[in-house]
Amino acid sequence: MEPRFLVAPPPDEATLLTRAQSLAGYTLGELAQQAGIVTPTDLRRDKGWVGMLLEMHLGASAGSKPERDFAHLGVELKTIPVDAQGRPLETTFVCVAPLTGNSGVTWQNSHVRHKLARVLWMPVEGDRALPLASRRVGAPLLWSPSPEEEDLLRRDWEELMDMIVLGQVERITARHGEVLQIRPKAANSKALTEGIGERGEPIMTLPRGFYLKKSFTAPLLARHFLL
DNA sequence: TTCTGATCATAG
DNA sequence: CTATGATCAGAA
């Protein structure tokens, strides 16, 4: 799909939130029609389609820049598929896990912390039994981690980064971490990137990414629905 | 049924 | 390959 600007970038956070709230209740088919793009049959070959569609409606920067969606506002946009009860159906990708060049990297200056400092969550019905075009957008949530949430994230990040730095990247599984996990993030299982081996030597290994577990995002969204 | 590892498209 | 956007689908 071709990235296009449907609306101008929002000048401030309040405008962004108002605009996001105005999308609630619409179906993806309606939003696609307004954007002048075709709704795919399913997401198997268009996994980022929903995210790109909402980016267009919210005036996020198009393309693949290594910046936040609303750089001038310091806000990151995340669409999250939810079930009929508003519970997340998938984990949430945060960013690629750096496997080398980590000297001097701390939680405070980490990519994970910066990406999650301010997030606009857009829940979207994600039940695969629902045709893509008839899935509805839910009420958005503009969020920053509470001190407790940030502490959970920091502890997992430190544990996982320790393993990477100590040459144990290939022993990391999705079971590590309470709320933040590391899983493959690649085109396929043949993709390789540089990492650190057991004896500190350079190795080629699968690229990994940080993901938020559903156990983290579920209460975050639930709290929102209670307010 | 849930979760972990694998995968898809596109731009640069 | 890396970064953007994530969901798929087989194994447990």
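Definitions and limits used
Residues numbered from 1 in each chain as written. Chains lettered and ligands numbered in written order. Predicted model: local features only at pLDDT ≥ 70, side-chain atom pairs only at ≥ 80, totals over all residues. Heavy atoms only, no water. UniProt positions renumbered as here; feature names shortened; annotations may be inferred. Pairing = 2+ DSSP bridges. Helix = DSSP H or I, 4+ residues; strand = E, 2+ residues; numbered from the N terminus. Axes fitted to C-alpha atoms, helices over the stretch in contact; angles between N-to-C directions. Contact = heavy atoms within 4.5 Å. Buried < 20%, exposed > 50% of the residue type's maximum accessible area, 1.4 Å probe, protein only. Lys, Arg positive; Asp, Glu negative; His and termini not counted. Salt bridge = Lys/Arg side-chain N within 4 Å of Asp/Glu carboxyl O. Near = heavy atom within 4 Å. Polar contact = N/O pair within 3.5 Å; in protein donor to acceptor, adjacent residues only side chain to side chain. Nonpolar A, V, L, I, M, F, W, Y, C, P; charged D, E, K, R; others polar. Parallel < 35°, antiparallel > 145°, perpendicular 65-115°, else oblique. Left-handed = near helix turned anticlockwise from the far one by under 90°.

Chain A is annotated in an unreviewed UniProt entry as DNA mismatch repair protein MutH from Mixta tenebrionis. On record in UniProt, under Sequence similarities (unreviewed entry), the comment for chain A is "Belongs to the MutH family."

What about the sheet that holds strand β2 (residues 92-96)?
Taken in spatial order, the 3 strands of this open sheet run β2-β8-β5, and their pairing is antiparallel. Strand pairing shows two members of the sheet lacking a second neighbour, β2 and β5 (180-184), which therefore form its edges. Looking at each pair of strands side by side, their axes are set apart by 35° on average, direction ignored. Judged from the 5 bridges that link them, β5 and strand β8 (residues 208-212) form a sheet pairing that is antiparallel. Note on β8: the bridge partner recorded for I182 is F210.

With respect to the sheet that holds strand β3 (residues 119-125)
By definition, the strands of a sheet pair up through backbone hydrogen bonds, in either a parallel or an antiparallel sense. Strand order in the open sheet made by the 3 strands is β1-β3-β4, with mixed pairing throughout. The open sheet has two edge strands, β1 (76-82) and β4 (141-143), and neither has a second partner. Going across the sheet, the axis of each strand differs from the next one's by a mean of 30°, ignoring polarity. As defined by bridge partners, β1 adjoins β3 across 7 bridges and the pair is classed as parallel. Pairing of L77 across the sheet is with L120, part of β3. Seen against the sheet, helix α1 (residues 13-23) touches β3 and β4 and runs at an angle of roughly 5° to β3. The sheet contacts of helix α3 (residues 49-58) involve β1 and β3, and relative to β1 the element is tilted by about 130°.

Topic: the side chain of K213
By the secondary structure assignment, K213 is in the loop between β8 and α6 (214-226). Despite being buried, K213 has no salt bridge partner; D156 is the closest side chain of opposite charge, sitting 6.7 Å away. For K213, the residues in contact, after removing those within four places along its chain, are T91, A174, R175, H176, G177, E178, V179 and Q181.

Some points on the protein's contact with DNA strand B
Within the structure, DNA strand B sits among 18 residues, and R45, K47, R183, A186 and S189 are positioned closest to it. Close to the protein, within 4 Å, the atoms of DNA strand B belong to sugar or phosphate groups at a rate of 58%. In this structure, R175 approaches DNA strand B through a side-chain N or O atom, which is 2.9 Å from a phosphate oxygen. Take S189: an N or O atom from its main chain is 2.6 Å from a phosphate oxygen of DNA strand B. Looking at the surface near DNA strand B, the element that brings in the most residues is β5, giving 3 residues. Here the surface near DNA strand B is built from residues that sort into 6 nonpolar, 5 polar and 7 charged.

Things to note about the packing of helix α2 (residues 28-35) against α3
Where α2 contacts α3, the two axes come as close as 10 Å, and the packing angle between them is 55°. Put simply, α2 runs oblique to α3. For α2 against α3, the interelement crossing comes out left-handed. The residues of α3 that touch α2, namely those facing L28, L31, A32, Q34 and A35, are W49, V50, L53, L54, M56 and H57. When its residues are assigned to classes, the contact of α2 with α3 shows 9 nonpolar, 2 polar and no charged.

Examining the protein's contact with DNA strand C
Around DNA strand C lies a shell of 26 residues, among which D69, T79, R128, K185 and T193 are the nearest. Near the protein, within 4 Å, the atoms of DNA strand C are sugar or phosphate in 65% of cases. Within the contact set of DNA strand C, a phosphate oxygen lies 2.6 Å away from a side-chain nitrogen or oxygen of D69. In this structure, a base oxygen belonging to DNA strand C sits 2.4 Å away from a side-chain N or O atom of K185. Counting only elements with at least two residues in the surface near DNA strand C, the list comes to α3, β1 and β2. Among the elements that make up the surface near DNA strand C, the one with the highest residue count is β1 (4 residues).

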